[in-house]
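Overview (structure and organization)
The primary structure of each chain is shown beneath.
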Amino acid sequence: MTSAACCPDSVPGRRRSVALPTPSSAAPPPPSTATDADAFKILLEMKIKKRQKKPTLPSTVTELDAEDGSKVYVVGTAHFSDSSKKDVVKTIQDVQPDVVVVELCQYRVSMLKMDEKTLLKEAKEINLEKLQQAIKQNGVMSGLMQMLLLKVSAHITEQLGMAPGGEFREAFKEASKVPFCKFHLGDRPIPVTFKRAIAALSFWQKVKLAWGLCFLSDPISKDDVEKCKQKDLLEQMMAEMIGEFPDLHRTIVSERDIYLTYMLKQAAKQIELPRASESEPRKYIPAVVVGVVGMGHVPGIEKNWNSDLNIQEIMSVPPPSASNKIFKFVIKATVFGLMGYGCYRIGQRTVQFILSMPAAQNYLQKLTEIRSHH
């Protein structure tokens, strides 16, 4: 697949799009002649005719209407579910959207480009190198939080033998088959979410949350995933762990509901039809959008749909608090302490091993005899 072209984070709320692998899926350039305009209109008419006027969509799809007549179909998914992948494919094929928006940001877009086998291997392997990369990218606290959440995802992956994000990969593939369909990344950047989540917790809340994530080991079955179709499994597990921390739930779930709603509304702008000449009046038609998000976000999107949204506040990162600095110091002290103790133990064992060697014992015996003669 082609690499993703994402908009920079410095422009909050700007739509992030990914280049699709076929020429037809890219936004068409303005036609320079009447022939170009006619060709575009013919292809667009074919696409519209292929759309089902009253599609029979899966029960996981929620239909939302924009003020200008545009339609948004939100597919609520479970991130580890074969059924969800089928729901996404059917919805895109039936409604032939102009835009597909997925619950991903540029920091997780790599899962669109990897095959299932590679992703399965990546998800199961959480090592020191990944931890260092996460800390370098997001800072100590946010990096640790990211790795702990990856551990939750890896636990589910190991239990089910299924890589996460299958519904997003299916959405990417199907969008590439629809003429003039754009693909947007609709989730808030992970570093912003984690930094705001960390800032919302006290020192002891951070310790308690980290402890709960570190010792997650309950078995999960595929039936459990399908039972969680009304509330995504990964988000349900997180909700159970963060239920006692309302501020954490607000930053990880509620704020992202607002962000996802905003991005869906931005995608649902009317489409301008090509003009044969500059003198021809501009014409617009309603857009059709498919959103692919975790089931846990659907109620929040419905709730916020008719509200005037401003995402400036939820894109800001608060300065580190005193508890943040203390926790950061404790983590660093613990890491360096463990490293120091490890070096001490290794050095101690090395010395003991050398002294136990016959050559070393003979040398020490001779040294003792020389000293006794003097």
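Residues numbered from 1 in each chain as written. Predicted model: local features only at pLDDT ≥ 70, side-chain atom pairs only at ≥ 80, totals over all residues. Heavy atoms only, no water.

**Remarks on the overall build of the chain**
Under the convention used in this document: Helix and strand assignments follow DSSP, with helices taken as H or I runs no shorter than four residues and strands as E runs no shorter than two, numbered in order from the N terminus. Three exposure classes are used, based on accessible area relative to the maximum for each residue type with a 1.4 Å probe and protein chains only: buried under 20%, partly exposed in between, and exposed over 50%. In this description, contact between two residues means that some pair of their heavy atoms is separated by no more than 4.5 Å. Computed with the Shrake-Rupley method and a 1.4 Å probe, the accessible areas treat only the protein chains shown as cover for residues.
Secondary structure assignment for the chain yields 14 helices and eight strands. Counting over 374 residues, the chain shows a buried share of 45%. Counting only contacts in the chain whose residues sit at least 6 apart along the sequence, the fraction spanning at least 24 positions is 82%. When the accessible surface of the chain is totalled, it reaches about 20400 Å², and 57% of it is carbon and sulfur.

**Overview of the nonpolar core**
Going by this rule: Residues belong to a common nonpolar core when they are buried Ala, Val, Leu, Ile, Met, Phe, Trp, Tyr or Cys residues joined through side-chain atoms within 4.5 Å.
Within the largest apolar cluster, 23 residues are counted, with the highest numbers of intra-cluster contacts made by V100, V102, A171, F183 and V290. Looking at this core, the elements that each hand over two or more residues are strand 3 (71–77), helix 2 (82–95), strand 4 (99–102), helix 6 (166–175), strand 5 (182–185) and strand 8 (288–294). Broken down by element, the residue count for this core peaks at four residues, all from helix 6. Setting aside its immediate chain neighbours within four residues, V290 contacts Y73, V75, T91, I92, V95, P97, V99, V100 and V101. Listed in part, the 16 residues of the second largest apolar core include V72, V74, L264 and M295.

**Concerning the environment of M114**
The residue M114 is located in the loop between strand 4 and helix 3 (116–124) in this model. Distance in space between the C-alpha atoms of M114 and R169 is 9.0 Å, their sequence separation being 55 residues.

**Comments concerning the side chain of T193**
By secondary structure assignment, the location of T193 is in helix 7 (residues 190–199). Judged by its relative accessible area of 6%, T193 is buried.

**Thoughts on the packing of aromatic side chains**
The condition that has to hold: In summary, the pairing rule links any two rings of Phe, Tyr or Trp, Trp by its six-membered ring, whose centres are within 6.5 Å, and it sorts them by plane angle into stacked for under 30 degrees, edge-to-face for over 60 and tilted for everything else. Whether a charge sits over a ring depends on NZ of Lys or CZ of Arg being within 6 Å of the ring centre and within 35 degrees of the ring normal.
Counted according to the given criterion, the structure contains one aromatic pair. Measuring from ring centre to ring centre gives 5.0 Å for F172 and F183, while their planes differ by 85 degrees; the resulting arrangement is edge-to-face. On the criterion of sequence distance, the pair formed by F172 in helix 6 and F183 in strand 5 is long-range, its members being eleven residues apart. Across the ring face of W305, the terminal group of K265 is positioned such that the distance to the ring centre comes to 5.8 Å.

**Focus: helix 6**
Summarising burial for helix 6: eight of the ten residues are buried, a large majority. Buried within helix 6 are the following residues: G166, E167, F168, R169, A171, F172, E174 and A175.

**Thoughts on the confidence of the model for the chain**
For clarity, the threshold we go by: For every residue, the predictor assigns a confidence score, pLDDT, that lies between 0 and 100.
Summary statistics for the chain give a mean pLDDT of 75 and a share of 55% for residues scoring 70 or more. In the predicted structure, residues 1–11 sits below a pLDDT of 50 and forms 28 contacts with residues beyond four places in sequence or in another chain. Long-range and interchain partners of residues 21–27, a stretch whose pLDDT sits below 50, account for 17 contacts in this model, where long-range means more than four residues apart.

**A word on the pairing of strand 4**
What counts here: Pairing between strands is defined by DSSP: at least two bridges between them are needed.
Side chains V99 and V101 of strand 4 all project onto a buried face; the interleaved residues V100 and V102 project onto the opposite face, where all are buried too. Both strand 4 and strand 5 contribute to a ladder of four bridges, which runs parallel. In the strand pairing of strand 5, V101 is matched with H184. Of the strand pairs in this sheet, strand 4 and strand 8 are connected by four bridges, and their pairing is parallel. The partner of V102 across the bridge, within strand 8, is V292.

**So, helix 7**
Helix 7 sits mainly inside the fold: eight of its ten residues count as buried. All of the buried residues in helix 7 are I190, P191, V192, T193, F194, R196, A197 and I198.

**Digging into the environment of R196**
Rules: Here a polar contact means two N or O atoms within 3.5 Å. Within protein one must be a hydrogen donor candidate and the other an acceptor candidate, and residues neighboring in sequence count only if both atoms are side-chain atoms.
In this fold, R196 is placed in helix 7. A residue is classified by how much of its surface remains accessible, and R196, at 11% relative accessible area, is buried. Considering only alpha carbons, one finds R196 and S316, 120 residues apart in sequence, at a separation of 8.0 Å. When neighbours within four sequence positions are excluded, R196 is seen to be in contact with R188, R250, T251, E255, E313, I314, S316 and P318. At 2.8 Å, the side chain of R196 and the backbone oxygen of S316 are in polar contact.

**What about a nonpolar patch on the surface?**
Quick reminder of the rule: Patch membership requires more than 30% relative accessible area and the absence of a salt bridge. Residues of like charge join within 9 Å; the nonpolar side chains Val, Leu, Ile, Met, Phe, Trp and Tyr join within 5 Å. We define a salt bridge as a side-chain nitrogen of Lys or Arg found within 4 Å of a carboxyl oxygen belonging to Asp or Glu.
The grouping of I42, L43 and M46 at the surface amounts to a nonpolar patch, some 300 Å² of accessible area in total. On the accessibility criterion, L43 (40% relative accessible area) is partly exposed.

**Quick look at the packing of helix 7 against helix 11 (residues 246–267)**
Here is the rule: Axis lines are fitted to C-alpha atoms, over the contacting stretch for helices. Their N-to-C directions set the angle, which ranges from 0 to 180 degrees. Here roughly perpendicular refers to angles of 65 to 115 degrees, roughly parallel to angles under 35, roughly antiparallel to angles over 145, and oblique to all remaining angles.
For the pair helix 7 and helix 11, the least separation of the axes is 7 Å and the interaxial angle reads 150 degrees. Between helix 7 and helix 11, the interaxial angle falls into the category roughly antiparallel. Contacts between helix 7 and helix 11 involve T193, R196 and A197 on the former and, on the latter, L248, R250, T251, I252, E255 and R256.

**Notes on the pattern of salt bridges**
In the structure shown here, the tally under the stated rule is 15 salt bridges. For K71, the salt bridge identified is with D65, shortest N-O distance 2.9 Å. Of the residues examined, K71 reaches a relative accessible area of 27% and is grouped as partly exposed. Residue D65 is classed as partly exposed on the basis of its relative accessible area of 47%. With its nearest N and O atoms 3.1 Å apart, the salt bridge here joins E174 to K177. Since its relative accessible area comes to 6%, E174 is described here as buried. Each of E103, R108, D187 and R256 takes part in salt bridges that share partners, so that together they form one network.

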